[in-house]
Amino acid sequence: MKISGAIFDMDGTLIDSLSFWDMVWERFGNKYLGDGNFRPSREDEKAVRTLEMKKAMELLHDKYGIGEDAQKLLDEVNQMIVDFYSGVVELKDGVADLLEACYKKGIRMCVASATDLRFLKIVIARFSLEKYFVKIVSCSDIGRGKEHPDVFLAAHECLGTPKESTWIFEDSIVALQTATAAGFNTVGIYDKYTFDVEKVKEISTVYIDRGESVARLVGEIEKI
């Protein structure tokens, strides 16, 4: 890997957090629909994971009639995120080793996530990751989700590294398609909650498969 810059997604890439959505569906289903087995359509669930959170809650309210309004849903899910990030979520296997290897090699790093900045900061502080990242960029601040390249372009601008040696680390097929179309190399990350796993594997420049750890990239980083 020729790499001078790295842009990391947070959920499903740096942290093992995608089970959070199972909690959301169960809670919303029981509370608002009287159905603990509720789940939105596959396409809607995929969209919710990449949309800016306010827009995700608008989709759920408008299409499924969940909650009194989207803002109250947003407030509710935000508190769930705080609780989850503060005491439940863990780093994915090998992440700490990879970040440290990149740091020692002077590779500039940034987070680009659909999650609000205030919640990302909880994770950063909890695992003492502050030294690794030049910037944390959120789709909420940009105003567009990862179906658009804006958040990646903003992160890349912060890094100031050549595009050809800037890699984007993602688990989402939507985000990987966007990053690829924008001209970046990508590292696709397997997660059991990921949609379209075979497509993720196919589109990624490098792929971390089921049973593998991102730590397998440390050796390549150390050769730089």
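Whatever comes next refers back to the structure up there.
Each chain has its residues counted from 1, running along the sequence as written. Local features in this predicted model are restricted to residues whose pLDDT is 70 or higher, and side-chain atom pairs enter the listing and the counts only when it is 80 or higher, whereas totals over whole chains, interfaces and linings include all residues. Processing note: side-chain calculations cover all non-hydrogen atoms of the structure and skip hydrogens and water entirely.

S.K.: Hey, could you run me through the sheet that holds strand β5 (residues 185–189) in this one?
M.R.: Pairing between the strands of a sheet comes from backbone hydrogen bonds, and it takes one of two forms, parallel or antiparallel. When DSSP finds two or more bridges between a pair of strands, those strands are recorded as paired. Secondary structure elements follow DSSP: runs of H or I of four or more residues count as helices, runs of E of two or more count as strands, with numbering from the N terminus. With respect to topology, 6 strands assemble into an open sheet ordered β3-β2-β1-β4-β5-β6, the strand pairing being parallel. At either margin of the open sheet sits one strand with a lone partner, and together these are β3 (133–138) and β6 (206–208). Strand-to-strand twist in this sheet, taken as the mean axis angle between neighbours without regard to direction, amounts to 20°. Note that β5 and β6 share 3 bridges and pair parallel. Residue pairing for β6: I189 is matched across the bridge by I208. Axes here refer to lines fitted to C-alpha atoms; in helices the fit is confined to the stretch in contact. Angles between the N-to-C directions go from 0 to 180 degrees.

S.K.: Sorry, what's going on with the packing of aromatic side chains here?
M.R.: Aromatic ring pairs are defined here through the distance separating the ring centres and the angle between the ring planes. Each pair of aromatic rings taken from Phe, Tyr and Trp, with Trp reduced to its six-membered ring, is defined by centres within 6.5 Å and is described as stacked if the planes are under 30 degrees apart, edge-to-face if over 60, and tilted in the remaining cases. Scanning all chains against the criterion turns up 11 aromatic pairs. Relative to F84, the ring of F20 lies with its centre 5.4 Å away and its plane at 45°, an arrangement referred to as tilted. Taken as a pair, F20 in helix α1 (residues 20–33) and F84 in helix α4 (residues 70–87) lie far apart in primary sequence, 64 residues in all. Three or more aromatic residues joined by ring pairs make a cluster, and in this case those are F20, W21, W25, F38, Y64, F84 and Y85. Comment: the charge-over-ring label is applied if NZ (Lys) or CZ (Arg) is within 6 Å of the ring centre and within 35 degrees of the ring normal. Its guanidinium or amino end placed over the ring of F184, K163 lies 4.9 Å from that ring's centre, counting from NZ or CZ.

By themselves, these observations are geometric and do not establish any function.
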